[in-house]
Amino acid sequence: MKKFSPVIKGIPNLQGAKKHVIRLSEKTIEKTVEANSFFSEVASVFLFISCTIKESFSRDFEFREFLRQCFQIGYKSLPLISVTGIIMGLVLTIQSRPALVNFGAVSLLPGMVTISLIREMGPVITALICAGKIGSGMGAELGSMKVTEQIDAMEVSSTNPIRFLVVTRVLAATLMIPILVLYADGLGILGSWAGANIKGDVTFILFFSQAFGHVQFLDFFPAFIKTFFFGAVIGLVGCYKGYTAGRGTESVGIAANSAVVLSSLLVIIVDLIAVQITDML
Amino acid sequence: MNDNQTAPITPAKTKSEKQVIEINELRKGFGPQEVLKNVSLQLFNGENLVVLGKSGSGKSVLIKCIVSLLKPEHGTINVLGENVSELTSDGLGEMRKKIGFLFQSGALYDSMTVKQNLEFPLRRIKKDLTQQEIDEKVIEVLENVGLADALNKMPSQLSGGMRKRISLARTIVVDPMIMLYDEPTTGLDPVTSDEISSLINDVQKKYKTSSIIITHDIECARTTANRVIMLHDGEVYQEGELEKFEKSTDPLIKSFFK
């Protein structure tokens, strides 16, 4: 008598079917764990942001630490932002000039460069530079504080670490980055004037009157508002990555690195959203 | 207090029957690993309780549960008559003001000077103090730990022993009722270890604190202990006076008290 053997397409025999089911179960568990860790990470981010917002309105605001962070983020970034701003204006002008010369529209150069600096290049380049400098600094500092139990020590001495470390840094970044952007825009226009004088001859007053003659309120205002969001994103990501760093020294590097990568990416995404909203105005 | 460091060290025998910490059936694990399985202990008023055990036996986890840095999975912790797990965040803050915690690494704030490190808890816990009173208090505790000249130094300029002393000063500056020491002598040379051990006794005498001292340093235990508890595999293995441990024939205890 012929022995019955269940043969299903793809599952040749009972023994194979058992292995197949086990493999399938393992993969299911693996995917469930991945999904769980993703959702718990998302929940942890929202919890962190809500704690930060709640503590921002606390009566015991750490004003001295906030001022110290404003100094660290704002004043200590000035040399880097100065160089970046001047080079940004200079390069934009040098690159754009030949194209405008072909159309006999060199007089539009100051206005074109100024608008592109104010609307896009100034805010985004400054925010990306700050994401690198400030985001990594926050990630590494808070990460190493976590590793060396300084955050625990703060908590044990009845101080809320979110209020002292996170709120002050996020608010300082939110306030200082718009100021740095304005500063970079100003230096970028100066750099542009210098660039215009490499191959041409244009006076300072003429250049600036041509530059600002084309700038309207809607060129400046939405671009300025989005810089507050850039600052908040850089501060939040830097602090979150540092605050949730693991216990080993390796995690400090990972926190700093991922703070830079994620905050740079989010700056670009926020910029995309801001451009879409501005476009509707 | 510096004079006491050279004097023979004897632990203060000030134990009274009043419990300041009571832990019942405490359980804590990390994932599949169960670190504390069923720990019950009491800390009495004014005593130095030394918790001995191998690395990884759950000693540090135990005192982190007491100050709620870690949340236990089961069991109760009563500190000064209050159940820690039932406290609100404000209540927890108030409870922590009465507890000093000396971290294994010292945990000094790297971005602050020694003076700022000491002022940090003082400004937040004793808000009614004037700047002059804060300055006086800072100098007083620094003199108590023998490092008055380190006032304006950064933590990076201090040696391991100095960091531990400054960390101890930062802990006692707010006059805590309970002290929790997490391996206070780990990583220090024998001379500095003895100095830290004698400082622990001095703090107990001067500030009338009740202390839990987590250590695997037997010399530190001999110097400071009024009572000893040994943890093994996440459970209380043995409890009693130091003499009981010294005379024990149990191989595990003997391996500690060689």
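Attention here is on the structure that accompanies the text. Nothing here was measured: the structure is a model prediction, and the numbers come from that model.

### Structural notes on unusual backbone geometry
Part 1 of the argument: Residue A:Glu149 is not a glycine yet carries a positive backbone phi of 65°.
Part 2 of the argument: Residue position: A:Glu149 is located in the loop between helix H4 (109-147) and helix H5 (150-156).
Part 3 of the argument: Positive phi is not limited to glycine here, since B:Glu25 has a value of about 45°.
Part 4 of the argument: Structurally, B:Glu25 can be placed in strand E1 (residues 19-30).
Part 5 of the argument: Judged by relative accessible area, which is 44%, B:Glu25 ranks as partly exposed.

### Remarks on the interface of chain A and chain B
Part 1 of the argument: Facing 16 residues of chain A, the contacting portion of chain B comprises 23 residues.
Part 2 of the argument: Carbon and sulfur atoms supply 52% of the area buried between chain A and chain B, which totals about 1600 Å² over both sides.
Part 3 of the argument: Broken down residue by residue, the surface that chain A buries against chain B is led by A:Glu149, A:Gln150 and A:Val156, which jointly contribute 35%.
Part 4 of the argument: At the boundary of chain A with chain B, the tally comes to four salt bridges.
Part 5 of the argument: The salt bridge partner of B:Lys64 is A:Glu149, with a shortest N-O separation of 3.0 Å.
Part 6 of the argument: At the junction of chain A with chain B, the criterion picks out eight residue pairs in polar contact (both at pLDDT 80 or more).
Part 7 of the argument: Among the secondary structure elements, those contributing two or more residues to the side of chain A that touches chain B are helix H2 (63-73) and H5 of chain A.
Part 8 of the argument: For the side of chain A that touches chain B, the residue count by class is four nonpolar, five polar and seven charged.

### Digging into H2(A)
Structural remark: α-helix, 3.6 residues per turn; residues separated by three or four positions point the same way.
Residue and element names in this part refer to chain A.
Part 1 of the argument: Looking at H2, one finds that the buried residues are Glu-65, Phe-66, Gln-69, Cys-70 and Ile-73. Down the axis of H2, the sector holding all buried residues measures 145°, keeping them to one side.
Part 2 of the argument: Against the buried residues of H2 lie H4 and helix H6 (161-199).

### Considering the layout of surface pockets
Residue and element names in this part refer to chain A.
Part 1 of the argument: Of the voids in this model, the second largest pocket is the one considered here, and its volume is about 340 Å³.
Part 2 of the argument: In terms of lining, the second largest pocket is formed by 18 residues, of which the most central are Pro-222, Lys-226, Ala-274, Val-275 and Thr-278.
Part 3 of the argument: Those elements giving two or more residues to the lining of the second largest pocket turn out to be H4, helix H8 (217-243) and helix H9 (250-280).
Part 4 of the argument: By residue number, the principal contributor to the lining of the second largest pocket is H8, which donates eight residues.

### Notes on the packing of aromatic side chains
The way to describe two aromatic rings as a pair is by their centre distance and the angle between their planes.
Part 1 of the argument: Counted under the stated rule, the structure contains 17 aromatic pairs over all chains.
Part 2 of the argument: When the centroid spacing of 5.2 Å and the interplanar angle of 70° are considered together, the rings of A:Phe48 and A:Tyr240 count as edge-to-face. Of the two residues, A:Phe48 is situated in helix H1 (residues 14-56) and A:Tyr240 in helix H8; the sequence distance between them amounts to 192 residues.
Part 3 of the argument: Residue A:Phe48 is classed as buried on the basis of its relative accessible area, which comes to 6%.
Part 4 of the argument: With relative accessibility at 7%, the residue A:Tyr240 sits in the buried group.
Part 5 of the argument: Summarising the aromatic geometry, the rings of A:Phe204 and A:Phe208 are spaced 4.5 Å apart at their centres and angled 40° between planes, so their arrangement reads as tilted. Pair noted here: A:Phe204 and A:Phe208 are both in helix H7 (residues 204-213), with a separation of four residues, about one helical turn.
Part 6 of the argument: What makes A:Phe204 partly exposed here is its relative accessible area of 39%.
Part 7 of the argument: Here the aromatic residues A:Trp193, A:Phe204, A:Phe207, A:Phe208 and A:Phe212 are joined through ring pairs into a cluster of three or more.
Part 8 of the argument: Taking the ring centre of B:Phe30 as reference, the NZ or CZ of B:Lys28 above it sits at 5.1 Å.
Part 9 of the argument: If you follow B:Arg170 out to its NZ or CZ, it ends over the ring of B:Tyr109, 4.5 Å from the centre.

Rules behind the numbers
- Residues numbered from 1 in each chain as written.
- Chains lettered and ligands numbered in written order.
- Predicted model: local features only at pLDDT ≥ 70, side-chain atom pairs only at ≥ 80, totals over all residues.
- Heavy atoms only, no water.
- Helix = DSSP H or I, 4+ residues; strand = E, 2+ residues; numbered from the N terminus.
- Buried < 20%, exposed > 50% of the residue type's maximum accessible area, 1.4 Å probe, protein only.
- Contact = heavy atoms within 4.5 Å.
- Buried area = accessible area lost by both parts, 1.4 Å probe.
- Salt bridge = Lys/Arg side-chain N within 4 Å of Asp/Glu carboxyl O.
- Polar contact = N/O pair within 3.5 Å; in protein donor to acceptor, adjacent residues only side chain to side chain.
- Nonpolar A, V, L, I, M, F, W, Y, C, P; charged D, E, K, R; others polar.
- Arc of directions from axis to C-beta.
- 1 Å grid on protein atoms, 1.4 Å probe; cavity = no way out; pocket = protein on both sides within 12 Å on 5 of 7 lines; lining within 4 Å.
- Points joined across faces, edges and corners; volume = space filled by probe spheres on them.
- Phe/Tyr/Trp six-rings, centres within 6.5 Å; stacked < 30°, edge-to-face > 60°.
- Lys NZ or Arg CZ within 6 Å of the ring centre and 35° of its normal.

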